[in-house]
Amino acid sequence: MAATMSNVEEIRTRAVLGEFGVKNVHSSDFPGNYPGYDDTWNMQTFQKNFRIDIVNLEENSMEFDMVGIDAAIANAFRRILLAEVPTMAIEKVFIYNNTSIVQDEVLAHRLGLVPIKADPRLFEYRDAGEESAEEQGSEIDTIQLQLKIKCSRNPRATKDSSDPRELYLNHMVYSSDITWVPIGNQADVFADSVIRPVHDDILIAQLRPGQELDIIMHCVKGIGQDHAKFSPVATASYRLLPEITLLEPVEGEKAERLKRCFSRGVIDIEDVNGTNVAKVVNSRVDTCSREVIRHDDLKNVVKLARLRDHFIFTVESTGILPPDVLVTEAIKVLMTKCQRFLSELDSPSVE
Amino acid sequence: MAAEGEKKPVLEMVQADGGDEGCVTFVLHNEDHTLGNSLRYMIMKTVDVDFCGYTITHPSESKINFRIQTRGGVPATEPLRRGLRDLTEVSQHVLNTFQARVDEFKERQEQPMD
């Protein structure tokens with residue numbers, strides 16, 4: 001109950017959406033800030049309060065609640081998902097022939113953005129050294145793909161046809177035309193998970209009779225920080241759980257108006273002894289539009305807030321890895337970062 | 001100072017001349033808000049820490065200056081080490097919880113099929 005909650009507790013746990021701004025946005029639960037509170041880090045308290053609830057988990061998307069953690073750490077997970085979980089993507093394009101109207105560099109860029117279904121955990125990063133990575137790649141760090149296609153007239157087309165789909169063969173180049181050329185023992189290692197583009201229907205170029213593409217591509221392991229094509233997610237975001245509290249009973253016409261101020265499903269109208277009374281049933285689905293503040297007689301009746309430690313995560317995968325695997329990988333990346341600096345601290349090179 | 005030349009430094013320590021070891025700026029190479037802010041939060045949760053903050057030196061440089069000032073003569077490396085350990089522990093707990101919940105969710109989804 002926000003109405004009866006002590007003011008300090010509200011400052012510590014809620015971001016309040018007011019008429020002219022948002023209050024208590026920052027974390028302030030640090031030692032010494034509040035008399036009577038012990039804010040030093042305590043692993044037991046954290047483990048007791050921390051909770052994850054999976055709301056939805058599908059092939060390429062998931063939603064889950066992460067409760068009882070600070071925004072700094074939740075945001076680290078989100079940022080890592082976007083920019084630091086590695087994937088395989090086309091990095092080098094060797095164009096032996098391109099007579100299509102798509103310029104070489106544009107074609108190379110388009111190819112780079114095609115998501116490649118290959119488990120990045122089974123590959124190594126290529127050496128950063130410029131000379132060593134010039135052309136050669138080995139089976140542990142490179143996937144070779146080929147796109148070799150030529151457009152021609154369809155001999156079986158009807159004479160008076162004007163439909164390109166009937167007139168020509170291979171005039172649309174799709175991602176399904178990209179074929180995998182295994183290097184070394186890759187054919188055996190990836191026998192049960194053939195490497196190919198995630199989607200078969202990505203249009204790469206359009207050709208006319210006589211035009212052709214002859215291309216070899218090298219995929220390497222990389223992270224989204226380097227180029228967005230390496231990002232494993234279509235999007236990864238979180239929002240804070242909204243909390244809507246009615247400070248006094250809202251009845252009759254006002255109740256109906258209040259209901260329309262919020263997203264569908266947030267406010268329900270109940271019949272109490274013949275009068276319609278508004279009740280908050282599901283504040284989670286609210287978009288926090290703050291429409292209610294435009295109504296002078298309603299704005300002081302309702303309190304809008306968000307729980308600062310309740311994160312509703314949405315992760316949409318590009319299809320290379322399942323979303324739950326992406327989240328676990330992201331958490332592992334953060335742990336690796338910490339370990340890197342811990343070992344550096346203990347090494348004698350830092351004075 | 002970390003070795004210069006061939007190998008790129010990961011972590012450097014910068015101290016003012018005559019300053020005590022409780023006031024140190026750590027230079028974390030190849031890091032940004034991701035580690036900077038979460039580590040700052042963990043370190044600010046420590047009692048001995050007087051100040052903890054970080055800056056990104058320049059958008060085109062991939063390093064952060066991470067400043068720690070402690071009280072009572074505690075060396076600044078101590079809260080940094082503790083912060084990194086705590087953050088690892090937190091991540092481990094989040095990972096375990098997440099995997100447990102995902103497994104539960106997948107089991108629950110399979111059951112109604114029977």
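Scroll up to find the structure.
Presented here is a report on the structure given in the accompanying data block. Just so it is clear, the model here is predicted, and its values are computed rather than measured. (Residues numbered from 1 in each chain as written. Chains lettered and ligands numbered in written order. Predicted model: local features only at pLDDT ≥ 70, side-chain atom pairs only at ≥ 80, totals over all residues. Heavy atoms only, no water.)

**What to know about the overall build of chain A**
Step number 1: Along its length, chain A carries eight helices and 18 strands.
Step number 2: A globule of 351 residues ought to have a C-alpha radius of gyration of about 20 Å, yet chain A, at 28 Å, is considerably larger.
Step number 3: Considering only C-alpha atoms, chain A reaches an extent of 80 × 75 × 35 Å along its principal axes.
Step number 4: Going through the 351 residues of chain A one by one, you find that 46% of them count as buried.
Step number 5: Within chain A, counting contacts between residues at least 6 apart in sequence, those at least 24 apart form 74% of the total.
Step number 6: Charge centroids of chain A, computed over 39 positive and 55 negative side chains, lie 5 Å from each other. (Helix = DSSP H or I, 4+ residues; strand = E, 2+ residues; numbered from the N terminus. Rg over C-alpha atoms; globule rule 2.2 N^0.38 Å. Buried < 20%, exposed > 50% of the residue type's maximum accessible area, 1.4 Å probe, protein only. Contact = heavy atoms within 4.5 Å. Lys, Arg positive; Asp, Glu negative; His and termini not counted. Charge placed at Lys NZ, Arg CZ, Asp CG, Glu CD.)

**Some words on the overall build of chain B**
Step number 1: When its secondary structure is counted, chain B shows two helices and four strands.
Step number 2: When the elements of chain B are put in sequence order from the N terminus, they spell out β-β-α-β-β-α.
Step number 3: For a compact globule of 114 residues, the expected C-alpha radius of gyration is about 13 Å, and chain B comes in at 19 Å, more than 25% above that figure.
Step number 4: Considered along the principal axes of its C-alpha atoms, chain B spans approximately 75 × 35 × 25 Å.

**Overview of the sheet that holds strand 2 (residues 23-29) of chain B**
Residue and element names in this part refer to chain B.
Step number 1: If you trace the four strands from one edge of the open sheet to the other, you get 1-2-4-3, paired in antiparallel fashion. Looking at strand neighbours, the two that pair on one side only are strand 1 (11-14) and strand 3 (49-56), the edges of this open sheet. Each neighbouring strand pair of the sheet contributes to a mean axis angle of 20°, computed without reference to strand direction.
Step number 2: Summarising the sheet, strand 3 and strand 4 (residues 63-70) pair through seven bridges and their orientation is antiparallel. For Val49, the partnering residue across the bridge sits in strand 4 and is Thr70.
Step number 3: Relative to strand 4, helix 2 (residues 77-110) is tilted by about 120°, and along the sheet it contacts strand 1, strand 2, strand 3 and strand 4. (Pairing = 2+ DSSP bridges. Axes fitted to C-alpha atoms, helices over the stretch in contact; angles between N-to-C directions.)

**Describing the interface of chain B and chain A**
Step number 1: With 45 residues of chain B at the interface, the matching set in chain A holds 47 residues.
Step number 2: Counting the surface lost from both chain B and chain A, the interface buries some 4,500 Å², and carbon and sulfur atoms represent 70% of this.
Step number 3: On the chain B side of the interface with chain A, the three residues burying the most area are Tyr41, Lys45 and Phe98 of chain B, jointly 16% of the side's total.
Step number 4: At the junction of chain B and chain A, the tally comes to six salt bridges.
Step number 5: Two residues, Lys106 of chain B and Asp324 of chain A, come together in a salt bridge whose shortest N-O distance is 2.9 Å.
Step number 6: Run the count over chain B and chain A and you get 12 residue pairs in polar contact (both at pLDDT 80 or more). (Buried area = accessible area lost by both parts, 1.4 Å probe. Salt bridge = Lys/Arg side-chain N within 4 Å of Asp/Glu carboxyl O. Polar contact = N/O pair within 3.5 Å; in protein donor to acceptor, adjacent residues only side chain to side chain.)

**Some thoughts on the packing of helix 8 (residues 323-346) of chain A against helix 1 (residues 33-44) of chain B**
Step number 1: Packing of helix 8 of chain A against helix 1 of chain B leaves a shortest axis separation of 11 Å and a crossing angle of 75°. The orientation of helix 8 of chain A with respect to helix 1 of chain B, classified from their angle, is roughly perpendicular. Here helix 8 of chain A contributes Leu334, Lys337, Cys338 and Phe341 of chain A to the contact with helix 1 of chain B, which in turn contributes Thr34, Leu35 and Ser38 of chain B.
Step number 2: Here the residues of the contact of helix 8 of chain A with helix 1 of chain B are counted per class, giving four nonpolar, two polar and one charged. (Parallel < 35°, antiparallel > 145°, perpendicular 65-115°, else oblique. Nonpolar A, V, L, I, M, F, W, Y, C, P; charged D, E, K, R; others polar.)

**Let's talk about the environment of Pro35 of chain A**
All names here are of chain A.
Step number 1: Position of Pro35 relative to the elements: it lies in the loop between strand 2 (22-23) and helix 2 (43-49).
Step number 2: Assessed through its relative accessible area of 76%, Pro35 is described here as exposed.
Step number 3: Sequence spacing of Pro35 and Ile331 is 296 residues, and the spatial spacing of their C-alpha atoms is 34 Å.

**Describing the pattern of salt bridges**
Residue and element names in this part refer to chain B.
Step number 1: In total, this model carries 29 salt bridges over all chains according to the counting rule given.
Step number 2: With its nearest N and O atoms 3.0 Å apart, the salt bridge here joins Glu104 to Arg101. Taken together, the positions of Glu104 and Arg101, both in helix 2 and three residues apart, correspond to about one turn of that helix.
Step number 3: Glu104 gets classed as partly exposed once you look at its relative accessible area, which sits at 41%.

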